[in-house]
Each structure stands twice: as structure tokens, then as C-alpha cells.
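Coordinates in review
Residues per chain are reported as follows:
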Amino acid sequence: MTYDEIRSQVQDGDLIFLRVDTQNLLSRLTSWFTKSRYTHVAFVFWYKERLMLVESTTKGGIRIVQASTYRKREIDMLPAPVPWHQIEDRALSRSGTADYGWFSASYIGIREFFFTHFDVLLPVDRRNRNKACSEFVAEVLQLPDVDISPGNLYRQISGIRA
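Residues numbered from 1 in each chain as written. Predicted model: local features only at pLDDT ≥ 70, side-chain atom pairs only at ≥ 80, totals over all residues. Heavy atoms only, no water.

Moving on, we get to the nonpolar core. Residues Phe17, Phe43, Val137, Leu141 and Leu153 are the most contacted members of the largest nonpolar core, which totals 26 residues. Listed by contribution, the elements that provide at least two residues to this core are strand 1 (15–19), strand 2 (38–47), strand 3 (50–57), helix 3 (84–92), helix 5 (133–140) and helix 6 (150–158). For this core, the leading source of residues is helix 5, giving five residues. Once residues lying within four places of it in the same chain are set aside, the contact partners of Phe17 are Tyr38, His40, Val41, Glu74, Ile75, Asp76, Leu78, Pro150, Leu153 and Tyr154. Counting residues in each nonpolar core, the second largest holds 14 residues, with Ile6, Ala42, Val44 and Leu53 among its members. (Core = buried A, V, L, I, M, F, W, Y, C linked by side-chain atoms within 4.5 Å. Buried < 20%, exposed > 50% of the residue type's maximum accessible area, 1.4 Å probe, protein only. Helix = DSSP H or I, 4+ residues; strand = E, 2+ residues; numbered from the N terminus. Contact = heavy atoms within 4.5 Å.)

Okay, structure coming up:
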């Protein structure tokens, strides 16, 4: 979907999943390690007339930005798995309070690599305060497994292989 298509139908709390950015090394590595086309996930919500995101990113940690930041990316969307009013405070209150979880992102990639290639599931690590994007979303949704990639998060919520 394009940004304009998303904008015309999105509701508060929906999730957007960004597909691999072939021009970005980190995005390509994430896709390779996790064997998924999805390399980023964020919550969307409306603020007045603006479509906004709350996300965890390498460019500022947990932050709130305009969704148009990703206007040029390929995007897929899933309906809010939980009503926005139930998770809004949990999602928005973390903005500006945590850096991007480089360790978490690495651990998630390694964890999925071991599971995909060797059928070995490493334990969930809940000690780290800094969060990767999918870990942040899973934590806000209070999922049992927060060490999850964007692709596996998409699969878990939608039931569709990504």
C-alpha cells in the first residue's frame, strides 16, 4: 500500500509494517536474519488532522513523528489488535524516554536465526529497557513474547505468513 492509501483508511491504533528498504543496509540485514519482508513496525494514530506514528527507531529511540516520514516506503497495515484507548497511554508515555534497543534488535535477529535454522528457541529477555521497534509494539500490546521481529509480529497478529 502507499502512504496515501493508508491515510485514507487508517484508524487509531492500527499497525503499519514497512517492507525492506533495499537502499538501507540495516533494513536488508534485518530482512535476511529474520527471513521476512518486514523490517519496521509502528502504531498509527490521528492527532487533529495529522497522521502520526509512535515507534522505536534508530533515529531517536521511542518517538512520535508524522507518518509521512515513510511516504516513500512500501507499507502494509493491520487493524488495531487492541482498541487504541486501552493502550494509548502505554504507547505514548514512552516517547523520548528510551533509546533504540540495539542489543534487543541484535538479540531478536540472533534468536530468530537460531530458531529458523536450528529449531532452537532462545529465552525471552525482559530486562532491557531500550526497545527495538517490534519489541516496543509487543510490549505495549502486552504479548507474552516481546523478543519478536516485525515479520513474526505481523504473522502472530494477522495469522498470515510474512
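Another point: the side chain of Arg63. With respect to the helices and strands, Arg63 occurs in strand 4 (residues 61–66). With a relative accessible area of 17%, Arg63 lands in the buried category. Polar contacts involving the side chain of Arg63 include one to the side chain of Glu55, which spans 2.8 Å. A distance of 3.1 Å separates a polar side-chain atom of Arg63 from the backbone oxygen of Lys59. Ignoring sequence-local partners within four residues, the contact set of Arg63 consists of Leu53, Val54, Glu55, Thr57, Thr69, Tyr70 and Ser95. (Polar contact = N/O pair within 3.5 Å; in protein donor to acceptor, adjacent residues only side chain to side chain.)

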